[in-house]
Amino acid sequence: MSKLKLVHIVGARPQFIKSGAVSRAIKSDARFGDIEERYIHTGQHYDKNMSGNFFSELEIPEPNYNLGVGSDTHGRQTALMLERIEKVLIQERPDWVFIYGDTNSTLAGVVAASKLQLKVAHIEAGLRNYNRKMPEEINRIIADKVSDVLFAPTENAMNILKTEGLSERAVLVGDVMYDSLMFYKDLAEQRISSEFKNRYSDFYLATIHRAENTNDLQRLQNIFEAFSRLDAPVVIPLHPRTQKIINRINFNDNVIIIEPVSYLEMIYLLKSSKKVLTDSGGLQKEAFILKKPCVTLMDDTAWIETLENNWNFTVGAETELILEKIECNTFGERGDHFGNGNSSGEILEYILSYI
Ligand code: UD1
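Heads up: these notes are all about the structure in this document.

Each value, and the rule that gives it
- Residues numbered from 1 in each chain as written.
- Predicted model: local features only at pLDDT ≥ 70, side-chain atom pairs only at ≥ 80, totals over all residues.
- Heavy atoms only, no water.
- Helix = DSSP H or I, 4+ residues; strand = E, 2+ residues; numbered from the N terminus.
- Buried < 20%, exposed > 50% of the residue type's maximum accessible area, 1.4 Å probe, protein only.
- Contact = heavy atoms within 4.5 Å.
- Pairing = 2+ DSSP bridges.
- Axes fitted to C-alpha atoms, helices over the stretch in contact; angles between N-to-C directions.
- 1 Å grid on protein atoms, 1.4 Å probe; cavity = no way out; pocket = protein on both sides within 12 Å on 5 of 7 lines; lining within 4 Å.
- Points joined across faces, edges and corners; volume = space filled by probe spheres on them.
- Nonpolar A, V, L, I, M, F, W, Y, C, P; charged D, E, K, R; others polar.
- Near = heavy atom within 4 Å.
- Polar contact = N/O pair within 3.5 Å; in protein donor to acceptor, adjacent residues only side chain to side chain.
- Areas by Shrake-Rupley, 256 points an atom, 1.4 Å probe, with all protein chains shown as cover.
- Domains from an automatic or database assignment.

Next up on the list: the environment of Phe288. Tracing the chain through its elements places Phe288 in helix H13 (residues 281-289). Look at Phe288 and you get buried, because its relative accessible area is 2%. Sequence spacing of Phe288 and Arg334 is 46 residues, and the spatial spacing of their C-alpha atoms is 8.2 Å. Once residues within four sequence positions are removed from consideration, Phe288 is found in contact with Glu305, Thr306, Glu308, Trp311, Arg334, Gly335, His337 and Phe338.

Following this line, the structure appears as structure tokens:
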């Protein structure tokens, strides 16, 4: 039997976690021994602590191609990726192209691959928050419209694809980030240095990087005002986008800003924190899975499952609302919405039997 060639297109931090789960399944499960992987890294994220460290820590194969695109306006960044991805795909002619999530690397990947009439699978399909101001929402819509197979992480994502007339191409497989979290949640404890473990105690964990918050200094100021008034320190591994403007924001010693941390360090911080404040989709979901109450610093969320029984609140950037909702301590049942930890295996089985 000839090998099936699969190209992963990744570029931003959450995509390394997602593709890493699929690569681990390929490596560890004999059923997938005939799959040959190639990695295209667009270079959207390029700092060591935003990119390289994830490949080594999650044992992801070294990218075969690093396109070195880096940061730019949306149009130029996506255009450069498109041009460079196309060139590689013409050379590689894979059987499948996997795109992940909703970044500009996802968008460039799906456009380049589908125009070359290559088969494309969108992993994490069917997410919407119906907010077209977010670049991610535009990227998701295009990725779902154009891909050949839509691997949906949840029932809700399946329903959304149905309402958009995309059911025929949709497959419910669960969430690859859940696979990853299940695999690493105990390992994180073992692998993190005790020096790191002892650094913070009795703290809130926060992240903030969405354009909606970082492009509007008043929103960012309101959020940091809330952080400054919380009843315990707020540890923030700060994304470079936010780092660039942080000196224009006022806050007090309650806010502890640190460099971006590795995936395992993040899991450790999440597990040892009191609660979470974030505008990251992935972290909202990881908080829910690990039973950490979350306050989402956005007006909406695409992961509506997490809003169940007070486990997550969308509060936007309103200082008083953030302070009110973080105090909520009445929680109800939480459902299991994200699969069984074997989404990657289901995805690979599906493409092997795809006609
Ligand atoms: C991207 C994704 C977002 C995802 C996030 C995860 C899009 C539209 N957005 O946003 O969905 O949640 O990644 O982190 O694709 N920068 C650095 N070093 C890096 C990477 C970025 O300094 O390694 C700086 C750049 O100079 C740029 C800013 O961060 O000004 C934003 O980078 P960008 O590529 O726009 O993506 P993110 O904001 O990270």
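Phi at Glu59 is positive, roughly 50°, even though this residue is not glycine. Tracing the backbone through its elements, the reader meets Glu59 in the loop between helix H2 (52-57) and strand E3 (65-66). One non-glycine residue with positive phi stands out, namely Glu124, at about 80°. Here Glu124 shows up in the loop between strand E5 (119-123) and helix H5 (135-146). A relative accessible area of 11% means that Glu124 is categorised as buried.

Bringing the sheet that holds strand E8 (residues 204-207) into the picture now. Pairing is parallel in the open sheet, where six strands are placed in the order E10-E9-E8-E11-E12-E13. Two strands close off the open sheet at either side, each with one partner strand: strand E10 (255-258) and strand E13 (312-314). The mean inter-strand angle of the sheet, taken between neighbouring strand axes irrespective of direction, is 20°. Two elements, strand E12 (residues 294-296) and E13, share three bridges in a ladder whose sense is parallel. Bridging across to E13, Cys294 finds its partner in Asn312. Helix-sheet contacts for helix H10 (residues 217-229) involve E8, strand E9 (234-237), E10 and strand E11 (276-278), and the interaxial angle to E10 is about 115°. Helix-sheet contacts for H13 involve E8, E11, E12 and E13, and the interaxial angle to E11 is about 160°.

What follows deals with the environment of Val276. Within the fold, Val276 resides in strand E11. Taking C-alpha positions, Val276 is 5.8 Å from Tyr204, a pair spaced 72 residues apart along the chain.

All right, on to empty space enclosed by the protein then. Counting across every chain of the model gives one cavity of 30 Å³ or more. In this structure, the largest cavity occupies an estimated 50 Å³ of space. What lines the largest cavity is Lys275, Pro293, Cys294, Val295, Asn310, Phe313, Lys325, Ile326, Cys328 and Phe331. Partitioned by chemical class, the residues of the lining of the largest cavity number seven nonpolar, one polar and two charged.

With that settled, consider the site of the ligand. Lining the immediate surroundings of the ligand are 20 residues, of which His45, Glu136, His239, Arg241 and Lys244 lie closest. Within the side chain of His45, an N or O atom sits 2.6 Å from an oxygen atom of the ligand. In isolation the ligand exposes 740 Å². Once the protein is present, 90% of that is buried. When residues of the shell around the ligand are traced back to their parent elements, those giving at least two are helix H3 (74-92) and helix H11 (240-243). A breakdown of the residues in the shell around the ligand according to their chemical character gives five nonpolar, nine polar and six charged. Split by domain, the residues of the shell around the ligand number at least three in each of domain 1 (4-175 + 339-353) and domain 2 (190-326).

Ordered by their spatial adjacency, seven strands build an open sheet running E3-E2-E1-E4-E5-E6-E7, and the pairing between neighbours is parallel. Only two strands of the sheet have a single partner each, and these edge strands are E3 and strand E7 (170-172). For strand E2 (residues 35-41) and E3, the ladder comprises two bridges, and the chain directions are parallel. Its bridge partner lying in E3, Ile40 is registered against Tyr65.

Nothing here speaks to function; it is geometry throughout.
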